[in-house]
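Tertiary structure, described
In case you want the letters, here they are:
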Amino acid sequence: MIDVVLKKGKEKAVLQKHPWVFSGAIEHVKGKPANGDIIRLLDGKKQFLGYGFYNDQSRVAVRLLEWNEDTAVNEDWFRQKVRTAVAGRAHILEDGSTDTCRLIFSEADYLPGLIVDKYADHLSVQVLTSGMQNAMPVIIDELNALLKPTSIFDKSDATSRSHEGLETSNVLLAGTHPPELVMVKENGITYGINIAEGQKSGFYCDQRDNRRLLAAYAKGKTMLDCFSYTGGFTLNALKNGAALVTSVDSSALAIETLQENIRLNSLDSAKHTAIKSDVNAQLRKFKESGDKFDIIVLDPPKYAPSRSALDRASRAYKDLNRIGMQLLNSGGLLATFSCSGAMDMETFKQVLAWAALDAGKQVQFINQFNQPEDHPVRSSFPEGEYLKGLLCRVW
Ligand code: SAH
């Protein structure tokens, strides 16, 4: 195994079990590891620090896997991590009302670059590091042994793959090709999921708990679900007796699937309107026409891909939320989210405070939303925390 030696004083984060080593922290590499090889990381005094994946094409040159020198990172190591992660999700699936969740969440489950989502008896996988790409035969074998899925589909069309010198991939890895729409259940609601064509790995299961939490306020109310995708918030609200729900998304496929989901759940389509539009343009239209709602959901895509984009993103979040607040009936509820890891909860509250001032409104934060337990956050890896939201009563 090849040794990678850190510059003096650069070992602090590694000792705190942070899994990333940036290329600038490396003093030298003894030999020529191939990208994706497992290396031994040493400090400036040649003391062992950990084993990790190496990649000289990535800004994160080493992704640490194991901090104990006596524990070999071999096939068994990977199998064990997969088993532990899957076992940790058992109770989400226990009562049968949910058969979709994230089984493996990359660094948070000690498997850097591996994301595995379960969609009923199909698995959708993203492989984002070259090291994990090498480990895939073992991972696939273990997933097959544990879960016997009908299919394992590789949905690694993420830009982060390009940082590792990997190409986009959208292929069947095992089993038979999933049908165009895979039927899954979440909180007792059925969704058709287009694994091959849908966004991300096909479904945003990170909003599972938040959809249920918000639906509890929806009975008899009018709701506007912005960035609805295939209708997670919409369907939960309709099922809980919402009077009228309007869903807005710019993706035609998302809107089409959402309408199919309304039918699948035998929900009253007379209580639902779907609009394929840019949300910002649609909100301005509602403002002009004087439309108001009791509840508004704002669940936009990631506005801040990095810390350097935070200022600009904060302005975009502020503008979006300002106009959202103005479209609420007095005392209405705004459920507003940010899935930008660079924006923490305190900053998000500040952005909402600015939005309220600009909107001429008063806001009470009455509840907080988080990412669910199948998207754990490792105490040594705060970067894994990305989804946050606030339920605001707006006067
Ligand atoms: N709330 C959804 C997930 C939202 S993901 C759920 O519960 O499943 C973000 C969505 O925003 C995607 O569906 C994407 O198509 C949509 N989107 C991105 N930019 C948009 C824009 N400018 N206007 C409307 N929709 C947009």
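What you see is a predicted model, and the numbers here were worked out from it, not measured in a lab.

Here we come to the overall build of the chain. Per the secondary structure count, the chain includes 11 helices and 20 strands. The C-alpha radius of gyration computed for the chain amounts to 23 Å, which stays within 12% of the reference 21 Å derived for 395 residues, consistent with globular compactness. Across the 395 residues that make up the chain, the buried fraction comes to 55%. Within the chain, contacts between residues separated by at least 24 positions form 64% of all contacts whose residues are at least 6 apart in sequence.

All right, on to the side chain of Glu142 then. Relative to the helices and strands, Glu142 is located in helix α4 (residues 130-147). Here Glu142 is in contact with Arg79, Val82 and Arg83, once residues within four sequence places are set aside.

The next point concerns helix α8 (residues 252-264). Between its terminal C-alpha atoms α8 stretches 18 Å, which fits the 18 Å expected from 13 residues at 1.5 Å a residue. Regarding α8, the residues found buried are Ala254, Ile255, Thr257, Leu258, Asn261 and Ile262. With its buried residues spanning 165 degrees around the axis, α8 presents them on a single face. Those residues of α8 that are exposed and aimed more than 90 degrees away from the buried face are Glu256 and Arg263. Next to the buried residues of α8 lie β13 (189-193), α7 (232-239), β15 (244-249) and β16 (272-276). Of the residues flanking the end of α8, it is Ser266, one or two places downstream, whose phi is positive at about 50 degrees.

Counted by the stated rule, this structure contains zero disulfides. Distance from the sulfur of Cys205, which forms no disulfide, to the nearest cysteine sulfur (Cys101) is 6.7 Å.

With that settled, consider the domain arrangement of the chain. The domain architecture assigned to the chain consists of domain 1 (3-66), domain 2 (75-182) and domain 3 (204-394). Taken over C-alpha atoms, the centre of domain 1 sits 26 Å from the centre of domain 2. Counting residues at the interface gives 16 residues for domain 1, matched by 13 residues for domain 2. Carbon and sulfur atoms supply 55% of the area that domain 1 and domain 2 bury against each other, a total of about 1,100 Å² over both sides. Area buried by domain 1 at its contact with domain 2 is led by Phe53, Arg63 and Leu65, which between them contribute 44% of it.

Here the focus is the UniProt feature "domain: PUA" (unreviewed entry) in the chain. Under the local residue numbering, the UniProt record ascribes the feature "domain: PUA" (unreviewed entry) to residues 2-87. Counting secondary structure, residues 2-87 comes out at 20% helix and 35% strand; the distance between its end C-alpha atoms is 33 Å.

Next up on the list: the sheet that holds strand β8 (residues 114-119). Spatially, β7-β8-β9-β10-β11 is the arrangement adopted by the five strands of the open sheet, whose pairing is mixed. Two strands bound the open sheet, and with one partner strand each, they are β7 (100-105) and β11 (169-175). Direction aside, neighbouring strands of the sheet carry axes that sit 20 degrees apart on average. Here β7 pairs with β8 via five bridges, running antiparallel. Its bridge partner lying in β8, Phe105 is registered against Ile115.

A separate point is the packing of helix α10 (residues 310-326) against helix α11 (residues 345-359). Here α10 crosses α11 at 50 degrees, and the two axes come no closer than 8 Å. What the angle tells us is that α10 and α11 run oblique. Regarding α10 and α11, the two cross each other, and that crossing is right-handed. Of the residues in α11, those touching α10 at Ser314, Tyr317, Lys318, Asn321, Arg322, Met325 and Gln326 are Phe348, Val351, Leu352, Trp354, Ala355, Ala356, Asp358 and Ala359. In terms of residue class, the contact of α10 with α11 is built from nine nonpolar, three polar and three charged.

Attention shifts here to the site of the ligand. Near the ligand, the surroundings consist of 16 residues, among which Arg211, Asp249, Asp278, Val279 and Asp299 are the closest. Note that a nitrogen atom of the ligand is positioned 3.1 Å from one of the backbone N or O atoms of Ser250. Within the side chain of Asp299, an N or O atom sits 2.7 Å from a nitrogen atom of the ligand. Protein chains shield 87% of the accessible area of the ligand, which is 580 Å² for the free molecule. Here the shell around the ligand is composed, by residue class, of six nonpolar, six polar and four charged.

This part takes up the packing of helix α6 (residues 208-215) against α7. It is at 9 Å that the axes of α6 and α7 come closest, and there the two elements cross at 35 degrees. Where α6 crosses over α7, the two elements pack in a sense that is right-handed. Residues Asn210, Arg211, Arg212, Leu214 and Ala215 of α6 touch α7, and the partners they reach there are Gly232, Phe233, Asn236 and Ala237. For the contact of α6 with α7, a count of residues per class yields four nonpolar, three polar and two charged.

Between the first and last C-alpha of α11 there are 21 Å, a value that for 15 residues agrees with the 21 Å anticipated at 1.5 Å per step. Gly360 lies just past α11 and shows a positive phi near 70 degrees.

So, on to the pairing of strand β18 (residues 328-338). For β18, the buried fraction is high: nine of the 11 residues fall into the buried class. Of the strand pairs in this sheet, strand β17 (residues 293-298) and β18 are connected by five bridges, and their pairing is parallel. What sits directly across from Val297, in β18, is Ala335. Running through α10, the crossover from β17 to the neighbouring parallel element β18 is right-handed.

What counts as what
- Residues numbered from 1 in each chain as written.
- Predicted model: local features only at pLDDT ≥ 70, side-chain atom pairs only at ≥ 80, totals over all residues.
- Heavy atoms only, no water.
- Helix = DSSP H or I, 4+ residues; strand = E, 2+ residues; numbered from the N terminus.
- Rg over C-alpha atoms; globule rule 2.2 N^0.38 Å.
- Buried < 20%, exposed > 50% of the residue type's maximum accessible area, 1.4 Å probe, protein only.
- Contact = heavy atoms within 4.5 Å.
- Expected span 1.5 Å × (residues − 1).
- Arc of directions from axis to C-beta.
- Disulfide = S-S within 2.5 Å.
- Domains from an automatic or database assignment.
- Buried area = accessible area lost by both parts, 1.4 Å probe.
- UniProt positions renumbered as here; feature names shortened; annotations may be inferred.
- Pairing = 2+ DSSP bridges.
- Axes fitted to C-alpha atoms, helices over the stretch in contact; angles between N-to-C directions.
- Parallel < 35°, antiparallel > 145°, perpendicular 65-115°, else oblique.
- Left-handed = near helix turned anticlockwise from the far one by under 90°.
- Nonpolar A, V, L, I, M, F, W, Y, C, P; charged D, E, K, R; others polar.
- Near = heavy atom within 4 Å.
- Polar contact = N/O pair within 3.5 Å; in protein donor to acceptor, adjacent residues only side chain to side chain.
- Areas by Shrake-Rupley, 256 points an atom, 1.4 Å probe, with all protein chains shown as cover.
- Right-handed = clockwise from strand over helix to strand, strands pointing away.

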